[in-house]
Each structure stands twice: as C-alpha cells, then as structure tokens.
Amino acid sequence: MKGILLSLILGIAFTSHAHAKDITFGIVPQQSAITLANNWGPILEYVSQQSGYNLVFRTAKDIPEFEGRVLTGEYDVAYMNPYHYTVFHQKPGYQAFAKQKDKRIHGILVVKKEASISSLDELDGKRLAFPSPAAFAASVVPRAALKNQGISITPQYVSSHDSVYLNVARDFFIAGGGIERTFNNTSAEVSEQLRVLWKTPGYTPHAFAFHPDLDPQVADAIKAAFLSLNDSEKGRTLLGNISFKGIESAQDEDWDDVRALNITLLQHLLSE
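For every chain, the first residue of the written sequence is number 1, and numbering continues from 1 onward in sequence order. Note on the predicted model: pLDDT of at least 70 is required for a residue's local features to be given, and 80 or more for side-chain atom pairs to be given and counted; whole-chain, interface and lining totals, by contrast, use all residues. With hydrogens and water excluded, all non-hydrogen atoms of the structure serve as input to the side-chain values.

What am I meant to see in the pairing of strand E6 (residues 127–130) here?
Any two strands between which DSSP finds at least two bridges are classified as paired. We count a stretch as a helix when DSSP gives it H or I for four or more residues in a row; a strand needs E for two or more, and each element gets its number in order from the N terminus. In the sheet, E6 pairs with strand E7 (residues 154–157) via four bridges, with the strands oriented parallel. The partner of Leu128 across the bridge, within E7, is Pro155. In the classification by handedness, the crossover that spans E6, the intervening helix H5 (residues 136–148) and the parallel E7 is right-handed. By the bridge criterion, two bridges tie E6 to strand E8 (residues 175–179) in an arrangement that is parallel. With its strands directed away from the observer, a crossover is right-handed exactly when the path from the first strand over the helix to the second travels clockwise.

This is the structure in structure tokens:
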C-alpha cells in the first residue's frame, strides 16, 4: 500500500491536464515525498476549497527528475527554487505569482554539534553532502563560496535536504548543504545532532509559478486562494507548518538578484 501511495505522490503514470478539473501542483523534492505530502497536502486542500479548483500534489523522486518534469511542463503550478525559476521561466515559460513573505533564502553548511570544526578552511580536501548540483542555496551558492575562498571539496549528491542532514548526523560526511527552512523542518532527532557552521548571503526565495498554458481565470483564482492563507488563523497555521510567516505576490523581476549570479549549470536544458 505504501508503494502505491508513493507512486501516486511522485506522479508516476500521471500527466498534466489529465483531468479538466485537476490542477497539478509540483513541489521541488527538498524533503521526502511523504514529508512534503504531509506538510503541503492541507495547504493544497485549503487552496482547492478557496479557489474551486482541485490542486493535486505532485513531486519527483529527486531534484534532477523534478527539473525534467518542469522542463516538459508537467506541472500546472510549481514551487521551485530561485535558480530553477530563472531557467524555467525561459523554457517552457513558467510565470511567478507568489513567494514567501518577508523572506530571503540563506544556504547553510551543517556539521555535527560536537565537531571541533569552526571555520570553512577546515573543510578543505573533504567530501561534503549536497541535495543536487542545481539546488540553489543548498548547493550552488555554498560550493561557489568555497571555491572563491580557495577551499577544495568533493561534492556528493544525496537526493534531498533531509538526506544531507541525516548523512551528516550519521557521520557519513563531515558537513553538508541545506537551507534554514528545511533544517528547521527536519526531524528533531536529526537536527538536534547538528549545528550551522556557515550561512550564505540572502536571496529572493523559491517561486510559486504558473505554467504558461494555464487558463488565466484559473490562475487568478488559485493566486487569490494562496494569498488568502494570510487572512485566517487556519491559513496562517498551515503556512507555519512549512515555516512560512506569510505569502506575498511576486513578479519575474524579483529574481534578478539570482540572475546576476550568472549561474549556467542548467543552461544546456534550454537547447534541448
């Protein structure tokens, strides 16, 4: 039964626009599919009720697979990292409509709480865990910062933020990359074994974005429903469950700070 549930959550054998009333909502797999479904399911149920359109939770088994699905436009609505948005706005043309309110996204490097490490220099020559090559704040920015400081590390990709934290907690890696929100949301059993060694500068956070083919009337209703989460105690509680203080309108140029970094990791996808 669990396998069937996981297949449904991951979107296996399901294609976008399969049902006229179903709106697929794809979420970048920073955490396990089950954790994401538990955290986001009640939010999507609320938005479905408020908008009159049935939002169906979808994710992927890992971030590269999610990237492929966004590239082919599999999700009607998607929640993606800042760098993903700058790429997939170009192709297939996702358009941002909202983001976390009053938030700048910070990448972090975590180590074991009792580890003697106190500086980035001590990571030189070590293997570090990261969620995926193009995970923006959890991987791209920390790796660039280490390189700029002349610190040579060997990255190893472990599929999700939760996997990073677990691997560091179990001493498989001396350090690993994540972001504050997922670190705060990971199990206390894991997070209590870790501490934040270093934090990146802040950038515009993840984007909520519509596929360009989504009916504008449907998009407007869904956007209004998401923003209405701010306006009720229930909505604010649901946002608190994903460590959001609120949600606010957004436009494409909000991610110009990310574009200014000139990241080219996924540039090859635009020519496929």
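How do you make sense of the side chain of Arg181 when you look at a structure like this?
Its location among the elements puts Arg181 in helix H7 (residues 180–185). Here Arg181 occupies a buried position and makes no salt bridge, while the nearest side chain of opposite charge, Asp162, is found at 9.1 Å. The contact criterion used is simple: two residues touch if any of their non-hydrogen atoms lie within 4.5 Å. With residues near it in sequence (within four places) discarded, Arg181 still touches Gln30, Tyr79, Gln100, His206, Ile242, Ser243 and Phe244. Think of it in three bands: residues with accessible area under 20% of the maximum for their type are buried, residues over 50% are exposed, and the middle band is partly exposed, with areas taken using a 1.4 Å probe on protein chains only. Counted as positive: Lys and Arg. Counted as negative: Asp and Glu. His and the chain ends are not counted at all. Salt bridge, as applied in this entry: a Lys or Arg side-chain nitrogen positioned within 4 Å of an Asp or Glu carboxyl oxygen.

Help me understand the sheet that holds E8 in this model?
Paired through their backbone hydrogen bonds, the strands of a sheet run either parallel or antiparallel. With mixed pairing, five strands are arranged side by side in an open sheet as E7-E6-E8-E5-E9. One side of each edge strand has no neighbouring strand; the edge strands of this open sheet are E7 and strand E9 (194–199). Averaged over all pairs of adjacent strands, the angle between strand axes in this sheet comes to 35°, irrespective of strand direction. Between N-to-C directions, angles span 0 to 180 degrees; the directions come from axes that are lines fitted to C-alpha atoms, helices contributing only their stretch in contact. The strands touched by helix H6 (residues 161–169) within the sheet are strand E5 (107–112), E6, E8 and E9, with E8 carrying the most contacts at an inclination of about 150°.

Teacher, can you tell me more about the packing of aromatic side chains here?
Each Phe, Tyr or Trp ring (for Trp, its six-membered ring) is paired with any other whose centre lies within 6.5 Å, and the angle between the two planes then decides the class: stacked below 30 degrees, edge-to-face above 60, tilted in between. In the structure shown here, the tally under the stated rule is 18 aromatic pairs. Arranged with centres 4.7 Å apart and planes meeting at 50°, the rings of Tyr79 and Phe208 form a pair that is tilted. One end of the pair, Tyr79, is in strand E3 (residues 77–80); the other, Phe208, is in strand E10 (residues 207–210), and 129 residues separate them in sequence. Phe208 carries the same exposure label as Tyr79, and that label is buried.

Could you clarify how one ought to interpret the nonpolar core in this entry?
Side chains of nonpolar character tend, in soluble globular proteins, to be buried together. Counting residues in each nonpolar core, the largest one holds 64 residues, and the members touching the most others are Phe25, Trp40, Phe208 and Phe226. Of all hydrophobic cores here, the second largest spans 14 residues; its members include Ile117, Phe130, Ala145 and Ile153. By nonpolar core is meant a set of buried Ala, Val, Leu, Ile, Met, Phe, Trp, Tyr and Cys residues that side-chain atoms within 4.5 Å join together.

So what exactly am I meant to see when it comes to H6 here?
Counting buried positions over the nine residues of H6 gives eight, a clear majority of the element. Those residues of H6 that sit buried are His161, Asp162, Ser163, Val164, Tyr165, Asn167, Val168 and Ala169. Trailing H6 by a residue or two, Asp171 shows a phi angle of about 70°, which is positive.

Would you mind going over empty space enclosed by the protein with me for this structure?
Vacant regions in the atomic arrangement are exposed by a probe of water-molecule size rolled over the atoms. In this analysis, the protein atoms alone were mapped onto a 1 Å grid. Cavities are point sets where a 1.4 Å probe fits without being able to get out; pockets are open sets with protein on both sides within 12 Å along at least five of seven lines; lining residues have an atom within 4 Å of a point. Grid points are joined across faces, edges and corners, and a volume is the space filled by probe spheres set on the points. Per the counting criterion, the structure on display carries two cavities of 30 Å³ or more. The computed volume of the largest cavity comes to approximately 70 Å³. Forming the boundary of the largest cavity are Tyr79, Gln100, Lys103, Ile105, His106, Ile179, Glu180, Arg181, Pro205 and His206. Each residue gets one of three labels, nonpolar for Ala, Val, Leu, Ile, Met, Phe, Trp, Tyr, Cys and Pro, charged for Asp, Glu, Lys and Arg, and polar for the others, Gly among them. Split into classes, the residues belonging to the lining of the largest cavity amount to four nonpolar, three polar and three charged.

What am I meant to see in the environment of Leu229 here?
Structurally, Leu229 can be placed in the loop between helix H9 (216–227) and helix H10 (233–240). Residues Leu229 and Tyr46, 183 residues apart in the sequence, show an inter-C-alpha distance of 8.2 Å.

What is the right way to look at the sheet that holds E3 in this model?
Reading across from one edge, E2-E1-E3-E10-E4-E11 is the order of the six strands in this open sheet, with mixed pairing throughout. The open sheet has two free edges, formed respectively by strand E2 (54–58) and strand E11 (247–249), since each of these has just one partner strand. Pairwise comparison of adjacent strand axes, ignoring direction, gives a mean angle of 25° for this sheet. Relative to E11, strand E4 (residues 95–100) runs antiparallel, the two being bridged by three bridges. Bridge pairing links Gln100 to Ile247 in E11. Contacting strand E1 (22–27), E2, E3, E4, E10 and E11, H9 crosses the sheet at an angle of about 140° to E11.

Please clarify how the environment of Ser163 should be interpreted in this entry.
Position of Ser163 among the secondary structure elements: in helix H6. Separated by 13 residues in the primary sequence, Ser163 and Gly176 have C-alpha atoms spaced 9.6 Å apart. What qualifies as a polar contact is a pair of N or O atoms within 3.5 Å, subject to a donor-acceptor requirement within protein and to the restriction that residues adjacent in sequence count only when both atoms come from side chains. A polar side-chain atom of Ser163 sits 3.0 Å from a polar atom in the side chain of Ser160.

Just checking my understanding: could you explain unusual backbone geometry for this structure?
With the exception of glycine, the majority of residues adopt a negative phi angle, and the majority of peptide bonds are in the trans configuration. The amide bond that connects Lys91 to the next residue, Pro92, takes the cis arrangement and shows omega of 10°. When you line up the elements, Pro92 lands in the loop between helix H4 (82–88) and E4. The phi angle at Ser243 is positive, at roughly 65°, despite the residue not being glycine. On the secondary structure map, Ser243 appears in the loop between H10 and E11. Using a relative accessible area of 28% as the deciding quantity, one classes Ser243 as partly exposed. Positive phi is not limited to glycine here, since Asn262 has a value of about 55°. Along the chain, Asn262 falls in the segment after helix H11 (256–259). Taking relative accessible area as the criterion, Asn262 reaches 61% and is therefore assigned exposed.

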